[in-house]
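One letter stands for each residue in the lines below.
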Amino acid sequence: VTTTSSANEIALAKHLRKIGAKLYTAYWCPHCHSQKQRFGKEAVKHLEVVECDRRGVNPQTQLCRAKRVRAFPTWEINGKLYSGDRSLESIANFSKYRGDL
């Protein structure tokens with residue numbers, strides 16, 4: 001990730017971590033990369049990112065299968081799955097985040 005995070009992006013990432021949200025990804029997925037770029041490098045450190053491809057770093061393929069992740073990226077927020085590269089605004093809405101973006 002090469003983009004720089006704003007304080008708002010970091011606050012959203014910390015909120016997502018606090019509520020137990022997960023981002024399911026695959027190392028080869030361009031949409032996953034752009035999702036992380038949207039947050040920025042500082043904020044991504046706060047996200048719980050789950051690698052689903054067994055050839056990736058620290059893969060958790062069984063967890064991805066158990067959650068029935070079918071597309072990348074997929075967010076798990078408050079027990080629901082949201083697939084696709086999402087805007088920060090939509091992620092904030094799904095997670096009931098009340099801060100600024």
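Structure report, in brief.

## Topic: the pairing of strand S4 (residues 80-83)
So, point 1. Of the strand pairs in this sheet, strand S3 (residues 74-77) and S4 are connected by 4 bridges, and their pairing is antiparallel. The partner of Trp 75 across the bridge, within S4, is Tyr 82.
So, point 2. A loop of 2 residues connects S3 with S4, the two strands running antiparallel in sequence, and Asn 78 in this loop sits at a positive phi of about 50°.

## Describing the pairing of S3
Looking along a regular strand, one sees side chains alternate from face to face of the sheet.
So, point 1. Residues Thr 74 and Glu 76 line one face of S3 and the alternating positions Trp 75 and Ile 77 line the opposite face, and both faces are buried.
So, point 2. Sheet analysis places strand S1 (residues 22-25) next to S3, joined by 3 bridges and oriented antiparallel. Looking at the pairing, Lys 22 lines up with Glu 76 of S3.

## Re the sheet that holds S4
So, point 1. Sheet architecture is open: 4 strands sit in the order S2-S1-S3-S4, paired in mixed fashion. Two strands bound the open sheet, and with one partner strand each, they are strand S2 (49-51) and S4. Taken pair by pair, the neighbouring strands of this sheet meet at an average axis angle of 25°, ignoring direction.
So, point 2. Contacting S1, S2 and S3, helix H2 (residues 30-39) crosses the sheet at an angle of about 145° to S1.

## So, the nonpolar core
So, point 1. In this structure, Leu 12, Leu 16, Phe 39, Leu 47, Trp 75, Ile 77 and Ile 91 are the most contacted members of the largest nonpolar core, which totals 16 residues.
So, point 2. Here Ile 91 is in contact with Leu 16, Gln 35, Phe 39, Trp 75, Ile 77 and Arg 86, once residues within four sequence places are set aside.
So, point 3. Judged by nonpolar contacts, the second largest core, of 5 residues, contains Tyr 24, Val 50, Cys 52 and Val 69.

## Some thoughts on the packing of aromatic side chains
So, point 1. Scanning the entire structure with this criterion turns up 3 aromatic pairs.
So, point 2. Between Trp 28 and Phe 72 the ring centres are 5.8 Å apart and the planes differ by 90°, which places this aromatic pair in the edge-to-face class. In this pair, Trp 28 is assigned in the loop between S1 and H2 and Phe 72 in the loop between helix H4 (61-66) and S3, connecting sequence segments 44 residues apart.
So, point 3. For Trp 28, a relative accessible area of 47% corresponds to the partly exposed category.
So, point 4. Seen from their ring centres, Tyr 82 and Phe 94 are 3.7 Å apart, and the 10° between their planes marks the pair as stacked. Of this pair, Tyr 82 sits in strand S4 while Phe 94 sits in helix H5 (residues 88-94), and the two are 12 residues apart along the sequence.
So, point 5. On the accessibility criterion, Phe 94 (22% relative accessible area) is partly exposed.

Criteria and cut-off values
Residues numbered from 1 in each chain as written. Predicted model: local features only at pLDDT ≥ 70, side-chain atom pairs only at ≥ 80, totals over all residues. Heavy atoms only, no water. Pairing = 2+ DSSP bridges. Helix = DSSP H or I, 4+ residues; strand = E, 2+ residues; numbered from the N terminus. Buried < 20%, exposed > 50% of the residue type's maximum accessible area, 1.4 Å probe, protein only. Axes fitted to C-alpha atoms, helices over the stretch in contact; angles between N-to-C directions. Contact = heavy atoms within 4.5 Å. Core = buried A, V, L, I, M, F, W, Y, C linked by side-chain atoms within 4.5 Å. Phe/Tyr/Trp six-rings, centres within 6.5 Å; stacked < 30°, edge-to-face > 60°.

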